[in-house]
Amino acid sequence: MERSSDKISSSSSSSSTHPIEDKPSKTAKDTCLNLKETELRLGLPGSQSPERKVSLFGKDLESNNDKSNGLSVSPLKNLVSGAKRGFSDAIDGSNGKWVFPINGKSDVELAKGAALPSPRGGLDSKSNPQQARVSVPAMKEVAGIPQSPKPVQDKKNPLPPSNDHATAPAAKAQVVGWPPIRSFRKNTMASNLAKNSEDAAGCLYVKVSMDGAPYLRKVDLKTYKNYMELSSALEKMFSCFTIGQCSSNGLPVRDGLSESRLMDLLHGSEYVLTYEDKDGDWMLVGDVPWEMFTNSCKRLRIMKGSEAIGLAPRAMEKCKSQN
Amino acid sequence: MESSELKGGKDSQISDELSELRMESSELKKAKDSPISDESNRRSSFPDEVLERVISLLNSHRDRSSVSLVCKDWYNMERWSRTHIFIGNCYSVSPEIVARRFPKIRSLTLKGKPRFSDFNLVPQNWGADVHAWLVVFAAKYPFLEELRLKRMTISDASLEFLALSFPNFKALSLLSCDGFSTNGLAAIATHCKNLTELDIHENDIDDKGGGWLSCFPESFTSLEVLNFANMTSDINFDALERLISRCKSVRVLKVNRSISLEQLQRLLANAPQLTELGTGSFTQELAQRQYEELESAFNNCKNIHTLSGLWEVKGLYLPALYPVSTHLTFLNLSYAVLQSDELAKLLVHCPQLRRLWVLDTVEDKGLEAVGSNCPLLEELRVFPADPFDEEIVHGVTEAGFVAVSYGCPRLHYVLYFCRQMTNAAVATVVQNCPDFTHFRLCIMTPGQPDYLTNEPMDEAFGAVVKTCTKLQRLSVSGYLTDLTFEYIGTYAKNLETLSVAFAGSSDWGMQCVLGGCPKLRKLEIRDCPFGNAALLSGLEKYESMRSLWMSACNVTMNGCRLLAREMPRLNVEVMKEEGSDDDGRADKVYVYRSIAGQRRDAPSSVLTL
């Protein structure tokens, strides 16, 4: 069964209509990044490189995407077809706003892989080495990854035609009462871990996911003082998936890209940084003062452009009502 | 907290009930109420006084059941001397029948809902309300001392009724129960002057505040066991401190998260005789002097053998536990988010450990430390910290399981939640530890195969049942075909409890189990392709079992009706979903033997056929 390699870099776009099939790649390096495909390029609107039928993570792209010229900061632009992928750091420098179009809810099927930084407070010394070693071991894990958590998918799985979990869409359909953990423990752990993240030990770990990335990361918001620091940290974390190569130990190698070129590339991307706040709403990062952001941010998501529609206005309305 | 007390371990109560019913309906009805009869005096080989004395020394329910079947006299002798009754299914018998047979009960253990109610598979108002029992017992057993409930519903009114009706009441234990609030606990604290034990564990309690603890009167000194670890509200610490100081016999104290380290130290200073301790939050910022005081307090507690709690634990302070660690036999870290090195450092100091519960945040490396440091380990439970978050992959794998098995040959109880497993690893584990009595493996993704070979996990469980001849309880998971169940039916001759989910290929699998496991008592199945043929193949079997649960399988209403018709001494209950049609699939089926007949308190969503 090819489950494991199928999972390596398959992800589903929210608006994609075809399933994603990756050519199974065997090496860590290959699965980390399809090198050519990750190379950022600027292209003219409507043009599409013929070889770039697959996205960063081996995903088939829609052929009918509008392509932004990469320099626009409009939140309403659609996905660029293949030519550009980048961790989009299209920060409007003057007010530190992230200006990305936003995906509503990521339905990226994240393959399992990351060894995440410890959620424990005060263990910064731990989290850094873990971050460094995340990529390669994660990829190795990915190679051995079990099948999708969704029980319906595999034809060979002799599941009964039960309707508890049948035909779930890409969104993870949780099976009732599974895994078999007592409700009490479930509720306690949920609050326990949340408390651990937020307690007086002074960290505020939130998950960061990026559409198309095979695994999540966690960052401690308390270690940054403003949006710029956060964005550069995220950029470092996720650039592995966007530009250049990963070296054998998993660290991104800039390969001659200067910082300014990096920023150009990032500016050109159509990714958007968003966060989920305490009310469960998805907001653009950068709209509110930094303190308010860290107090209300539950998780971060680097999203693709097309579903940003409507988000910016909502964010502003919310901000108004909060004020 | 371990629920071994409630499990009883030997609970064939109902089989006695059934046979006694038959006996009762014949000449035994005429048996005299007095334990001594002239006829039996002539027949028995030794005086009744001796017999009575011998029987009264029997504690095991199974032994008592066997004794009661020997003859009329022994039956009577036994029933007059039984003081503790264990009822594994509250609907298998009625309180009136119990009271009629056993006149001198002082302690009652009752279990109610099917186990899958713990996982939200049973509707809220399903039943298992204890009140009817309390009413009968208030009349028949006014001297009742102990009540232990598991998966029952108990209201505040019932708690108050309990507190007021039984002046000699001593011990209340509620595990996985619901229906009550802290007001009920306040009633217990206020009125039970002789209370020795209050054990409130992992319930769905409406926590309205910690004031209940302050309801113990100042004159109250008899407390020995206090467990409120799983309650969330703050309690009045002064009241607790005073309570512990004046109750000199306190031996078990499990506090909740609201108790800080500093407060814990003060409690320990007042109760050095403790044998079981559940700490509160283990993460306060302590000054050096405070830390030393804490360490010293632990040092004075020479008798602590069971430790739990450690909510929000700060690894830095774990060394304060070292004085206590050397004597520990049971360490429950299942709510403590520890990393592998923190656990490893602690375990170096726990050579006597017999039972260990941990979170999978300790990962395989932590389990390697278990294997290296705890050679006497008999029980290991590894709980998932983030079970529902599929995006997070850490936790334990087959490697950790194997590592433990190499270091802990005495392991006989395992509960292991993981995200990947292999047949080879399980085979290795049971080869190293052939004495498993309880093997509960949960591969958290339903229907997941051996992740290395992509084969079904049949051979893993085959190895378990072939090698572990003493196996009593088995929970299977992963991608399993009927072959697993063939193995189980063929080899698991001591199996009593089997839990199955997302497994099997056809009716044949379930038929193998029903046809092959002579000691099977509890069978719970969900999301498997077993249908009416499988269900009905167990017709003869179900009367020798406590219960059968099948949900999200292929059983139909007609199949259930047939079962109910053929086996009148079984209660066949179907839980219906809203708006489902009557002749279609029976989504949740619960079958159990009973001498009490159909229950009358079923809600409308539960159909007894």
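So, a few notes on the structure that sits alongside this text. This structure is a prediction, so every number in the text was calculated from the model and none was measured.

Counting residues in each nonpolar core, the largest one holds 183 residues, and the members touching the most others are Trp-212, Leu-240, Phe-439, Leu-474 and Ile-488 of chain B. Ignoring any residue separated from it by four or fewer positions in sequence, one finds Leu-240 of chain B in contact with Leu-213, Leu-226, Phe-228, Ile-235, Val-255, Ile-259 and Leu-267 of chain B. Residues Ala-213, Tyr-224, Tyr-275 and Met-283 of chain A belong to the second largest nonpolar core, which totals 25 residues.

Time to look at the packing of helix α9 (residues 156–165) of chain B against helix α10 (residues 182–191) of chain B. Residues and elements named next belong to chain B. At their nearest, the axes of α9 and α10 sit 8 Å apart, and the two run at 5° to each other. Of the possible angle classes, the one that applies to α9 and α10 is roughly parallel. On α10, the residues touching Asp-156, Leu-159, Glu-160, Leu-162, Ala-163 and Leu-164 of α9 are Asn-183, Gly-184, Leu-185, Ala-187, Ile-188 and His-191. Class assignment of the residues belonging to the contact of α9 with α10 gives a composition of 7 nonpolar, 3 polar and 2 charged.

Quick look at the sheet that holds strand β4 (residues 217–220) of chain A now. All names here are of chain A. Reading across the sheet, the 5 strands line up as β4-β3-β9-β7-β8 and stay open at both edges, with mixed pairing between neighbours. The open sheet has two edge strands with one neighbour each: β4 and β8 (282–284). In this sheet, neighbouring strand axes are inclined to one another by 30° on average, regardless of whether the strands run parallel or antiparallel. With respect to the sheet, helix α6 (residues 227–238) is in contact with β3 (205–210), β4, β7 (272–277) and β9 (297–303), its orientation differing from that of β4 by roughly 155°.

Within the structure shown, the criterion is met by 31 salt bridges over all chains. Put simply, Asp-118 of chain B and Arg-151 of chain B hold a salt bridge, and the shortest N to O gap is 3.0 Å. Placement of the pair is Asp-118 of chain B in the loop between β2 (107–111) and α8 (131–140) and Arg-151 of chain B in the loop between β3 (146–150) and α9, with a sequence separation of 33 residues. The same class applies to Asp-118 of chain B as to Arg-151 of chain B, namely buried. Here Asp-435 of chain B and Lys-470 of chain B are joined by a salt bridge, their closest N and O atoms 3.4 Å apart. Of this pair, Asp-435 of chain B sits in the loop between α18 (423–432) and β16 (438–443) while Lys-470 of chain B sits in the loop between α19 (458–467) and β17 (473–475); the two residues are 35 residues apart in sequence, bridging distant segments of the chain. Via salt bridges that share partners, Arg-182 of chain A together with Asp-118, Arg-151 and Glu-202 of chain B belong to a single interconnected network.

Further remarks concern the packing of helix α5 (residues 61–68) of chain B against helix α6 (residues 72–81) of chain B. Packed helix pairs are characterised by how far apart their axes lie and by the angle those axes make with each other. Residue and element names in this part refer to chain B. Closest axis-to-axis distance for the α5/α6 pair is 7 Å, and the angle between their directions is 145°. Here α5 contributes Arg-64, Val-67 and Ser-68 to the contact with α6, which in turn contributes Trp-74, Tyr-75, Glu-78 and Ser-81. Across the contact of α5 with α6, the residue classes break down as 3 nonpolar, 2 polar and 2 charged.

As a further point, take the packing of aromatic side chains. Centre distance and the angle of the planes are the two values used to describe a pair of aromatic rings. Evaluation of the coordinates by the stated rule reveals 29 aromatic pairs over all chains. Here Phe-137 of chain B and Tyr-141 of chain B contribute two aromatic rings whose centre-to-centre distance is 4.7 Å and whose plane-to-plane angle is 70°, an arrangement assigned as edge-to-face. An identical accessibility class is assigned to Phe-137 of chain B and Tyr-141 of chain B; each is buried. Taken together, a centroid distance of 4.5 Å and an interplanar angle of 15° make the contact between Phe-401 of chain B and Tyr-416 of chain B stacked. Remark: Tyr-416 of chain B occurs in strand β15 (residues 413–418) and Phe-401 of chain B occurs in helix α17 (residues 398–407); sequence separation between them is 15 residues. A relative accessible area of 1% places Phe-401 of chain B in the buried class. Joined through ring pairs, the aromatic side chains of Tyr-91, Phe-116, Phe-119, Trp-126, Trp-549, Tyr-590 and Tyr-592 of chain B make up one cluster. For the cation-ring pair, Arg-185 of chain A lies above Tyr-335 of chain B, with the distance from its terminal atom to the ring centre recorded as 4.2 Å. Across from the ring centre of Phe-383 of chain B, 3.8 Å away, lies the NZ or CZ of Arg-185 of chain A, which sits over that ring.

The next subject is α6 of chain B. Judged by how many residues are buried, α6 of chain B sits mostly within the fold: 7 of 10 residues are covered. Where α6 of chain B is concerned, the buried positions are Asp-73, Tyr-75, Asn-76, Met-77, Glu-78, Arg-79 and Ser-81 of chain B.

Residue and element names in this part refer to chain B. Within the secondary structure, Ser-477 sits in the loop between β17 and α20 (482–491). Within the structure, Ser-477 has its side chain in polar contact with the backbone oxygen of Leu-441 (distance 2.8 Å). In terms of polar contacts, Ser-477 uses its side chain to reach the backbone amide nitrogen of Ile-443, at 2.8 Å. Ignoring anything within four residues of it in the chain, the contact list for Ser-477 reads Leu-441, Cys-442, Ile-443, Met-457 and Phe-461.

Definitions and limits used
- Residues numbered from 1 in each chain as written.
- Chains lettered and ligands numbered in written order.
- Predicted model: local features only at pLDDT ≥ 70, side-chain atom pairs only at ≥ 80, totals over all residues.
- Heavy atoms only, no water.
- Core = buried A, V, L, I, M, F, W, Y, C linked by side-chain atoms within 4.5 Å.
- Buried < 20%, exposed > 50% of the residue type's maximum accessible area, 1.4 Å probe, protein only.
- Contact = heavy atoms within 4.5 Å.
- Axes fitted to C-alpha atoms, helices over the stretch in contact; angles between N-to-C directions.
- Helix = DSSP H or I, 4+ residues; strand = E, 2+ residues; numbered from the N terminus.
- Parallel < 35°, antiparallel > 145°, perpendicular 65-115°, else oblique.
- Nonpolar A, V, L, I, M, F, W, Y, C, P; charged D, E, K, R; others polar.
- Pairing = 2+ DSSP bridges.
- Salt bridge = Lys/Arg side-chain N within 4 Å of Asp/Glu carboxyl O.
- Phe/Tyr/Trp six-rings, centres within 6.5 Å; stacked < 30°, edge-to-face > 60°.
- Lys NZ or Arg CZ within 6 Å of the ring centre and 35° of its normal.
- Polar contact = N/O pair within 3.5 Å; in protein donor to acceptor, adjacent residues only side chain to side chain.

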